[in-house]
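# Tertiary structure, described
What follows is the residue order along each chain.
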Amino acid sequence: MLYRLLVAFSLSWLPVGYASVGATHASPDLQKVVVQLDWKHQYEFAAFYAAKQQGYYQQAGLDVEIREGGPGIDATAEVVSGRADFGVNTSGVLVDRAKGAPVVALAALMQHSPVSLLALRRNGINSVQDLANKPIAVDAHNRDEIEAFLLASGLPKKDIQFVAQTDWTLNDLNNGINAAKVIYSINEVFLIRGREHEYLLLSPRSSGVDLFGNILFTHESVVAKKESVVNAFRAATLKGLVYALEHTESVTSLILQDYNTQDKSRAHLLFEAAQIKELTHPDIVEPGYMSYGRWQHVLDVYASQGQMPSKFDLSGFIYDPKAAKIPVWVVISFIVLVLSLLVILFIMRKLNHYNHQLQREVVERQIAQQALAESEHEYRELVSNANVIILRLALDGTITYFNEYAERFFGYTRQEVLGKHVVGTIVPAMESGSERDLAQMVASILSNPENYHSNENENVTKDGRRVFIHWTNRVLFDRLGKAVGVLSIGQDITERRLADEKIHALAFYDPLTALPNRRLMLDRLHQAVLQHQRNGQYGALLFIDLDNFKVLNDSQGHQTGDRLLIQVAQRLREHCQLGDSIARLGGDEFIVMFEDVSDNPLLALSSVEQMAQALLEALSQPYDLPYGSSPITASIGVALFRDKQDSVDELLKRADLAMYQAKAAGRNMVRFFDPMMQELLVQRTQLETALRQAIEQQQFILYYQPQVDMHNQVIGVEALVRWQHPDRGVISPFEFIGLAEDTGLIWEIGLMVLDQACAQLRQWQQQPDANKVNLSVNISAHQFHHADFVSSVLAAIEKHHVDARFLMLEITESLLLKNVGDVIAKMQRLKTVGIRFSIDDFGTGYSSLAYLKRLPLDELKIDRSFITDIMDDDNAAVIVTAFLSLAHLLGLHVVAEGVETPEQQLFLARNGCDLIQGFLFSRPVPAAQITQMLEG
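Read on for an overview of the structure. As the structure is a prediction and not an experimental result, all values here were calculated from the model.

Within the open sheet, the five strands sit side by side as β2-β1-β3-β10-β4. Their pairing is mixed. Every other strand in the sheet has two partners, leaving β2 (62-67) and β4 (103-108) as the edge strands with one partner each. Neighbour to neighbour, the strand axes of the sheet diverge by 25° on average, direction disregarded. Inspection of the sheet shows strand β1 (residues 31-36) paired to β2 by six bridges, in the parallel sense.

Written out as structure tokens, the structure reads:
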């Protein structure tokens, strides 16, 4: 107590203008100074607010104006220009000094920089390396620090892509506009609380770039001319910093009342205060402390970027308040003080008697506090040194306790994990291998902790090592019985889990190729058979055997054979789709299973045959073997399955038998078990090959069937494609159009038909007796939906100079099942040049009346299935009559197909049919015969 009185008395002797802390009187003549902040008001600058509100500046003889910063405001420029006496900036103020700005660093308001990068994991950013060549939003205040961090993390400078930060929210990041953005860990981290596992927070400190946070600085001229003002302002500001860190609630209220230009909440500001305290370490480091070694580290970081010389002299940049000379009046004051103290000592003796009782109370309290501290120390020592992982979680998932064993085990310090969400630190969002959602598991534990007494899951150490922990959980309650957190005690079970995984691998996987073995494949095949029996889809089992493997194994040794088998397994993996099953049965025998191929047997055969041929091609490529690349091929047997009688054993026998058929046929082949299916596949393959050859050799010709009116006058003709096969003669379209549709060859055939039809139409239009004939051309749905359909039709018209008004394109209702709007748009485009449209086989599709209403049609063709029965079936006659009436009401011409008898023609004539087409008048004939009809 005597000491306190002496100190108070000594401070009363100091002049007001020099007192840095604790001055009791304010000078009536205050020195006006301006401090420029480098960003908008927030808790980051609470030292200035507190110093002003508590009167520290006034006690120091200062009238301080605090100017808010923001985008476009350069604190260094404000100080250098003289518009401000003091400023706040990042460690980059050293770069400004190297570039000629006469600035002096007075104090470090934060010992560590809060500058960090934030990325969104769902955008594919899981490490610093994922930011290569992707936009990173930064601003002028922190660009250099972030670039130093990325370079120190191993990212080449050429791969760093900075963009100007224009969005001070998280919108651009969440919307994927930028891959990452610069943030302050004291600010934006608050906005993602509870969702930390969705983001990746990257701190420069993780790569060794540990810069100061906010630096209080001034101009050299201010130090030279007003050193007493500099000392007074520095001391008062640091006193305000200490006050702000110790009185967060009251200072937060002050900011909310006077400085909250960003409309932050109390919770947000308190979060900032806690984070700033972690970056300032007031319990470890004297507020404002700046070491020469730390500034040398800052210099090295910026020099590595080429921002400044590596040999830059720090002299004159780092301010030393202790170097200030003591004024003479201070010495005189001290002498007077000592004399005064001698007088006071006599008085203080009289007070000692009254202090004895108080001292006894203090001693007793100290003894009690020491006992409590020793008990707490023993408890902490026991918990910290326990040979188990102990951590405590708040109900929002943040880590609030982390014992020493946990630090050693995971590689994190307490400071690195406390206050951070457990997911994204020691718990990954997804468990590797099982793909278990660990983020959801943690959320379930925290929402219902009483239901999760224990759990096992994968964890990750700081260096990325996978570990498995058995956790025992206990709910923590406050005095009112409310759950406030979870205490989790963990034991390392990594070795046991790895042993279990190894046992599982030995039981179900081939040790040489790492493929599933026979046991696992049989189980998968059994499940697949049951599934395909239910869904009606075909599956396929491929039995693969290497040709002449025994010869290679005997001649070059088992090591060469094993090397070949490993390469075969790798090729099978590369050429099979996700979901296909691959296994090694033993020796040189492999199994591949395709699931859900098709419900159509022909399509299933075709698809499986293509996939099997692709595997044959891949397996026949040269291999990397010690004695050269030997020609190795394979034989594949295929068995399709879908029916209930298909058993696993029967399928294996069928595939095995088909494989031997492939070997007997000469090896390096694919054979199907079912002889009938095999023959169908062969025929289809041969027909497709011949069809492609026919397109190349232009073997397609057109026949024409007349369309006549009721007076048997030829009004139009329909072009019908025929395949002029060199050996088989003329082939009907019924034999090849379906295959052409399935294989996509119909597009090339359709182009040929359109070209020949336009060429023939041009010839007729040049003949006086035939120049009014209409020509109809069938258009398939595949051809119509092709992206180049409209341009191909227009090109054919232009090429042959035909009058498009006499060209009729026939479409079927089937093409209307896909994107009707696109169909109408294409029809309207072609109608602008005069082309007309007819709907073919009317009445056999769906929603016919609706299409008649919407489509820009000119003609309707009644399908032959209705015409055939009009004389024998009253219903057919009524339907045809209705079609005719409806078409005429809509202004459409009607063509009846398949007319073969005079009675049918008479019926159609009586009911107003416009044209007829069928064998009654003529079969499809070459163009020359049509010309004769027109001339006759």
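Right, picking up where we left off after that structure.
Attention shifts here to helix α20 (residues 558-575). Here α20 is 18 residues long and its end C-alpha atoms lie 26 Å apart, about the 26 Å a rise of 1.5 Å per residue gives. Looking at α20, one finds that the buried residues are Thr 560, Gly 561, Leu 564, Leu 565, Gln 567, Val 568, Ala 569, Arg 571 and Leu 572.

Another aspect to go through is the pattern of salt bridges. By the definition in use, this model includes 30 salt bridges. Note that Arg 414 and Glu 407 form a salt bridge whose closest N and O atoms lie 3.6 Å from each other. Arg 414 sits in the partly exposed class, given a relative accessible area of 22%. For Lys 831, the salt bridge identified is with Asp 858, shortest N-O distance 2.8 Å. Of this pair, Lys 831 sits in helix α28 (residues 820-831) while Asp 858 is found in the loop between α29 (848-854) and β27 (859-862), placing the two residues 27 residues apart along the sequence. The class of Lys 831 is partly exposed, set by a relative accessible area of 26%. Put simply, Glu 718, Glu 810, Lys 861 and Glu 897 are held in one network by salt bridges that share partners.

Further remarks concern the packing of aromatic side chains. Going through the model one piece at a time under the given rule, you end up with 18 aromatic pairs. With 6.5 Å between their ring centres and 80° between their planes, Tyr 56 and Tyr 243 make a pair best called edge-to-face. In this pair, Tyr 56 is assigned in helix α3 (residues 56-59) and Tyr 243 in helix α9 (residues 227-246), connecting sequence segments 187 residues apart. A single burial state applies to Tyr 56 and to Tyr 243, both of which are buried. Here the aromatic rings of Phe 866 and Phe 883 are separated by 5.5 Å at their centres, their planes lie at 85°, and the arrangement is edge-to-face.

Bringing the packing of α20 against helix α21 (residues 601-619) into the picture now. Contact geometry of α20 with α21 gives a least axis separation of 10 Å together with a crossing angle of 140°. In terms of orientation, α20 lies oblique with respect to α21. Here α20 runs over α21; the crossing is right-handed. Every residue of α21 that contacts α20 at Val 568, Arg 571, Leu 572 and His 575 is listed here: Leu 615, Ala 618 and Leu 619.

Relative orientation and spacing of two packed helices are given, respectively, by the angle between their axes and the distance between those axes. In the contact formed by helix α25 (residues 746-765) and helix α27 (residues 789-800), the axes pass within 9 Å of each other and the chain directions differ by 30°. When the axes of α25 and α27 are compared, the pair comes out roughly parallel. When the axes of α25 and α27 are compared, the crossing they make is right-handed. Facing Trp 747, Leu 751, Leu 754, Asp 755, Cys 758, Ala 759 and Arg 762 of α25, the residues of α27 in contact are Phe 789, Ser 792, Val 793, Ala 796, Ile 797, Lys 799 and His 800. Across the contact of α25 with α27, the residue classes tally to nine nonpolar, two polar and three charged.

The rules behind each value
Residues numbered from 1 in each chain as written. Predicted model: local features only at pLDDT ≥ 70, side-chain atom pairs only at ≥ 80, totals over all residues. Heavy atoms only, no water. Pairing = 2+ DSSP bridges. Helix = DSSP H or I, 4+ residues; strand = E, 2+ residues; numbered from the N terminus. Axes fitted to C-alpha atoms, helices over the stretch in contact; angles between N-to-C directions. Expected span 1.5 Å × (residues − 1). Buried < 20%, exposed > 50% of the residue type's maximum accessible area, 1.4 Å probe, protein only. Salt bridge = Lys/Arg side-chain N within 4 Å of Asp/Glu carboxyl O. Phe/Tyr/Trp six-rings, centres within 6.5 Å; stacked < 30°, edge-to-face > 60°. Parallel < 35°, antiparallel > 145°, perpendicular 65-115°, else oblique. Left-handed = near helix turned anticlockwise from the far one by under 90°. Contact = heavy atoms within 4.5 Å. Nonpolar A, V, L, I, M, F, W, Y, C, P; charged D, E, K, R; others polar.

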